[in-house]
Each structure stands twice: as C-alpha cells, then as structure tokens.
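For reference, the chains in residue letters:
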Amino acid sequence: MSLGFSNSTILVVGGAGFVGSNLCHFLLEDENVAALIIVDNLLSSDMCNLPDDPRVTFLHGSITDNRILSHLPRDIQYVFHLACYHGNQSSIADPFADHENNTLTSLKLFDTLKDFPSLRKVVYAAAGCAVAEKTFDEAKSTTEEAPVSLYHDSPYSISKLIGELYGNYYFQHYGLPLVKARFQNVYGPREILGAGRWRGTAHTVWRNVVPTFVWKSLHSEALPLDNGGNASRDFIFVEDMARGLIACALKGEPGEVYNLASGEETTIWDLAHMINELAGNKTPVDLLPPRDWDRSGKRFGSTEKAKEKLGFKTQISIPEGLEKTLLWTIREKEHILRTMRTHSYFVPEVDKYITDRSKRGEADDR
Ligand SMILES: NC(=O)c1ccc[n+]([C@@H]2O[C@H](COP(=O)([O-])OP(=O)(O)OC[C@H]3O[C@@H](n4cnc5c(N)ncnc54)[C@H](O)[C@@H]3O)[C@@H](O)[C@H]2O)c1
C-alpha cells in the first residue's frame, strides 16, 4: 500500500502509546516508509504495542533526554509528536510530572528539530478538549478558530495548549514546518488499561471512558455514568485518527491547525447503552454525580476545515468502531489484565478479574 511517503524516514514520539502505535502499524503498511524511529519512555504504554518490523528502531527513553535527542538522525523527513503525560487526572495528581512529560517534551523536541535540514512536516497532537467551550447547554461544534480560555481544569489541558504555543513560536521564528492536529476523543484497539507506570490515581488503570466501559461491560458490571451520562463527546476511531494524522503530514499547511473529529455528538448515556448492547450486558447503569474537576459538558468538533483542506473525513461509524474495540478487548483480555494487575497494590479492585485461567496465563475462549 502507498500512503504517499516517498523513501521517508519518520519519527514517532510516543509511538508505543495508544494512538502512536496504531499510527506506526499503519505507516509500516507503506513500503515507501524506509525507516521508522520510535521514541517512548513507556510511561503510559506497553512494549507489546510496538510493531515487529526491521525498519523500526526503538529508542527507550524520554524525548527530553539529550542522549536521545542527539541520537536522532538529522535526515528525518516527518515527525509525529504524540508523547504526553496521560491524562487529566494524572496531571492534577502530579503537575510536575505533567510538565516534564507534556510540556518540556514539546519544547525540547521542537528546539532540536529546528535545525534539521530535511524536515517536511512535524505533526503535533493537540487536544480539542483544551479549546472546547465549557457548556452543559446545547453544544455548537468547536471550530479551529474558537477562542481559548485562560482558565483550565487540569495541567494536562494547559500543557496541550503550551505545545501549540511553542509550535507556533518555532514555526514563526525558525520556519519549523509544524502542523497542529486537534484530536477529539479517540477510542479503539491498543488502548491498554493499566499500561505503563503508576501515575497517582485509579485512572492509570481506567484511562478513558471507552476502554473502561468495554471492560466493565464484558464483566457484566454496572457502567458508571458521571453526571447521569449527560455529557457528550465526539468519538473518533483510532484508524480514522491515524489516517487524519497522515493527511496532516502529507497535505497540512505548516503553521495551520486542523480538527481531527467525527463531527458527531454522542452522549455518555448513549455510549454506555451501545456498549452494553454489543457486550450483552443486562446490568443497569450506575448514575453518579459530576466529577468535581470536570466542567467540560457537551462538545464535538467541526470537521469542515479538515474536509476542505486535507480531504479528511472519518470512515468508521461508532457502532462499527465499538464492535472492533470490543472484539480486540476479548482477544487481548489476558494482556490487558496483566498490565492492570501491575497496579493492584493501589487499585485492589483489579484482582477481582483474575480467574483460574488468567492465573495460568491462558487465553479465554470468549
Ligand atoms: N486519546 C485521546 O482521546 C486524545 C485526545 C486528545 C489529544 N490526545 C493526544 O494524543 C497523543 C497520544 O495520546 P494517547 O491517547 O495515545 O496516549 P498514550 O498515553 O497512550 O500515549 C502517549 C505516549 O507518550 C509516551 N510518553 C510519555 N512521556 C514521554 C516522554 N517524556 N518521552 C517519550 N515518550 C513519552 C507514553 O509512554 C505513551 O506511550 C497525546 O499527545 C495526547 O495528549 C489524545
């Protein structure tokens, strides 16, 4: 398959992570990708996500580490910067770790890349949640030009914006060919519950709403709906996200920002019921009060600019994407349980998923 890269050397920072690893697997389907360098410190990811391909070089460490930066070949053509300190709750628990892995990362990477002679594009994973208006009334789609508040609910959100600001600075000052891809909520295979090191809260295990709901639903549990499931999000399947990132690299205008979104608003209530139906879970949902830090409410992204300028639109519907995610979770259940259990000291509830089969390390037939 040809994606449009010609004899290219590509760097993916954060390439062992959920989105990064899906992107790497996708990129390697293109035989014109000559070399793929992955830098990751495995802070919120697992080695099993890394592709097994002779074109891959894996540098295990932080992109803030000068030894790693000095090892990067200077003839890299494309860079995808997907490293972050995952996620909002972890950043509230440890804003300094967030700064180190979500802000300093971008600064040191951009500062190093400014001198690379063959760079065609640097794609930065920006966050739509940092820009979206905070409302529980009817949401309007968030455009790329939407105003940005100076008041944020988490250090993570601040860091994602600082990444954009540094990117803009290096673009204007040094001509760094930076394209900002603003993600909505990504879901799909290779988002491994519990992947990586303990980051201060149970969200180290539970990460995001889709993998949590899929796991709990497969175990016939009540899905917890914060704020009665009233909030809404724009869910984008990870394969679509990989396509969108590649479109940003090949067609994005340096200095520009593009939403990568489905443009569809789905309430958490609807999401829970779709997942329960797919998993055959009859246990009623658990209605909970709002999370105290989260005032984000309802939101979804505008898709117009990405459609017009990049020719990008999503291809996978939510029911289709959820089914793929559910099947992957069933297949990878033992791997996922292994990473969840590395945090059982802090989150003892994960031990309840251990069966005799998983103790023996056997795969479930389901
Ligand atoms: N998943 C989403 O819904 C979503 C939404 C908005 C933005 N994003 C952005 O997309 C990117 C990828 O997110 P994800 O969901 O795949 O998260 P992830 O946690 O799976 O991936 C992040 C990766 O970065 C690595 N990393 C952390 N610190 C690092 C460092 N100092 N040096 C090198 N690697 C480091 C982690 O180990 C991990 O592999 C992030 O930048 C995130 O902010 C994701």
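This is a predicted model, so every value here is computed, not measured.

A count of helical and extended segments in the protein gives 13 helices and 13 strands. For 366 residues, the compact-globule formula gives about 21 Å, and the C-alpha radius of gyration of the protein, at 20 Å, lands near that figure. In terms of overall dimensions, the protein has a C-alpha envelope of 55 × 50 × 40 Å along the principal axes. Among the 366 residues that make up the protein, the fraction classed as buried is 49%. Long-range contacts, defined here as pairs at least 24 residues apart, represent 82% of the contacts in the protein between residues at least 6 apart.

Around the ligand, the structure places 30 residues, and the nearest of them are Gly-14, Gly-17, Ser-45, Cys-84 and His-86. For the shell around the ligand, the elements supplying multiple residues, two or more each, are helix 1 (18–27), strand 2 (33–40), helix 4 (95–113), strand 5 (121–127) and strand 7 (185–187). In terms of residue count, helix 1 provides more of the shell around the ligand than any other element does, three residues in total. Per-class residue counts for the shell around the ligand are 15 nonpolar, 13 polar and two charged.

Before going further, it helps to spend a moment on the sheet that holds strand 4 (residues 78–81). Strand order in the open sheet made by the seven strands is 3-2-1-4-5-6-11, with parallel pairing throughout. Bordering the open sheet on either side are strand 3 (56–60) and strand 11 (257–260), each of which pairs with just one other strand. If you compare each strand with its neighbour and ignore which way they point, the axes differ by 20° on average. Pairing of strand 6 (residues 178–183) with strand 11 involves four bridges; the strand directions are parallel. The residue of strand 11 that forms the bridge with Ala-181 is Tyr-258.

A word on the nonpolar core. Formed by 98 residues in total, the largest nonpolar core has its most connected members in Val-12, Val-123, Ala-181 and Leu-245. When residues in this core are grouped by element, the largest group, eight residues, is from helix 8 (residues 238–251).

With that settled, the discussion passes to the pairing of strand 1 (residues 8–13). Burial analysis of strand 1 places six of its six residues in the buried class, the great majority of the element. Side chains of strand 1 alternate between two faces, with Ser-8, Ile-10 and Val-12 and Thr-9, Leu-11 and Val-13 buried alike. As paired strands, strand 1 and strand 2 are joined by six bridges and run parallel to one another. Across the sheet, Ser-8 pairs through a bridge with Val-33, a residue of strand 2. Between strand 1 and its parallel partner strand 2, the chain crosses via helix 1, and the hand of that crossover is right-handed. Bridge count for strand 1 against strand 4 is four bridges, and the pairing is parallel. Opposite Val-12, over in strand 4, you have Phe-80 as the bridge partner.

Once that is clear, we can look at the environment of Leu-119. Among the secondary structure elements, Leu-119 is positioned in the loop between helix 4 and strand 5. Leave out the neighbours within four places in its chain, and Leu-119 touches Ile-76, Gln-77, Leu-113 and Pro-177.

Turning our eyes to something else, we now look at helix 11 (residues 318–331). In a regular helix each residue adds 1.5 Å, so 14 residues correspond to 20 Å; helix 11 covers 20 Å between its end C-alpha atoms and thus fits that length. Within the span of helix 11, buried status applies to Gly-321, Leu-322, Thr-325, Leu-326 and Thr-329. Down the axis of helix 11, the buried side of the element spans an arc of 135°, and every buried residue falls inside it. Set apart from the buried face of helix 11 by more than 90 degrees, the exposed residues are Pro-319 and Glu-320. Where helix 11 is buried, its residues contact strand 7, helix 7 (209–218), strand 10 (235–237), helix 9 (268–279) and helix 12 (333–341).

With that out of the way, let us pick up the environment of Trp-215. Inspection of the secondary structure puts Trp-215 in helix 7. The spacing of Trp-215 and Leu-176 is 39 residues in sequence and 41 Å in space, taken between C-alpha atoms.

Quick look at the packing of helix 9 against helix 11 now. Viewed as axis vectors pointing N to C, helix 9 and helix 11 meet at an angle of 50°, and their least axial separation amounts to 10 Å. Our classification of the angle between helix 9 and helix 11 gives oblique. Remark: the crossing between helix 9 and helix 11 carries right-handed chirality. Between helix 9, through Met-274, Ile-275, Leu-278 and Ala-279, and helix 11, the contact on the second element is made entirely by Ile-318, Pro-319, Leu-322, Glu-323 and Leu-326. In terms of residue class, the contact of helix 9 with helix 11 is built from eight nonpolar, no polar and one charged.

It is worth spelling out the UniProt feature "domain: NAD-dependent epimerase/dehydratase" (unreviewed entry) in the protein at this point. Mapped onto this structure's residue numbering, the UniProt feature "domain: NAD-dependent epimerase/dehydratase" (unreviewed entry) falls at residues 10–261. The span residues 10–261 is 35% helix and 19% strand, and its two end C-alpha atoms sit 24 Å from each other.

Attention now moves to helix 8. Think of an α-helix as 3.6 residues a turn; residues three or four steps apart then line up on the same face. Along its 14 residues, helix 8 runs 19 Å from first to last C-alpha, staying within 8% of the 20 Å computed at 1.5 Å per residue. For helix 8, a buried count of 11 out of 14 residues is recorded, marking the element as mostly surrounded by other parts of the structure. All of the buried residues in helix 8 are Val-238, Asp-240, Met-241, Ala-242, Arg-243, Gly-244, Leu-245, Ile-246, Ala-247, Cys-248 and Ala-249.

Calculation notes
Residues numbered from 1 in each chain as written. Predicted model: local features only at pLDDT ≥ 70, side-chain atom pairs only at ≥ 80, totals over all residues. Helix = DSSP H or I, 4+ residues; strand = E, 2+ residues; numbered from the N terminus. Rg over C-alpha atoms; globule rule 2.2 N^0.38 Å. Buried ≥ 20, exposed ≤ 12 C-beta atoms within 10 Å, placed from the backbone. Contact = placed C-beta atoms within 7 Å. Near = placed C-beta within 6 Å. Nonpolar A, V, L, I, M, F, W, Y, C, P; charged D, E, K, R; others polar. Pairing = 2+ DSSP bridges. Axes fitted to C-alpha atoms, helices over the stretch in contact; angles between N-to-C directions. Core = buried A, V, L, I, M, F, W, Y, C linked by C-beta atoms within 7 Å. Right-handed = clockwise from strand over helix to strand, strands pointing away. Expected span 1.5 Å × (residues − 1). Arc of directions from axis to C-beta. Parallel < 35°, antiparallel > 145°, perpendicular 65-115°, else oblique. Left-handed = near helix turned anticlockwise from the far one by under 90°. UniProt positions renumbered as here; feature names shortened; annotations may be inferred.

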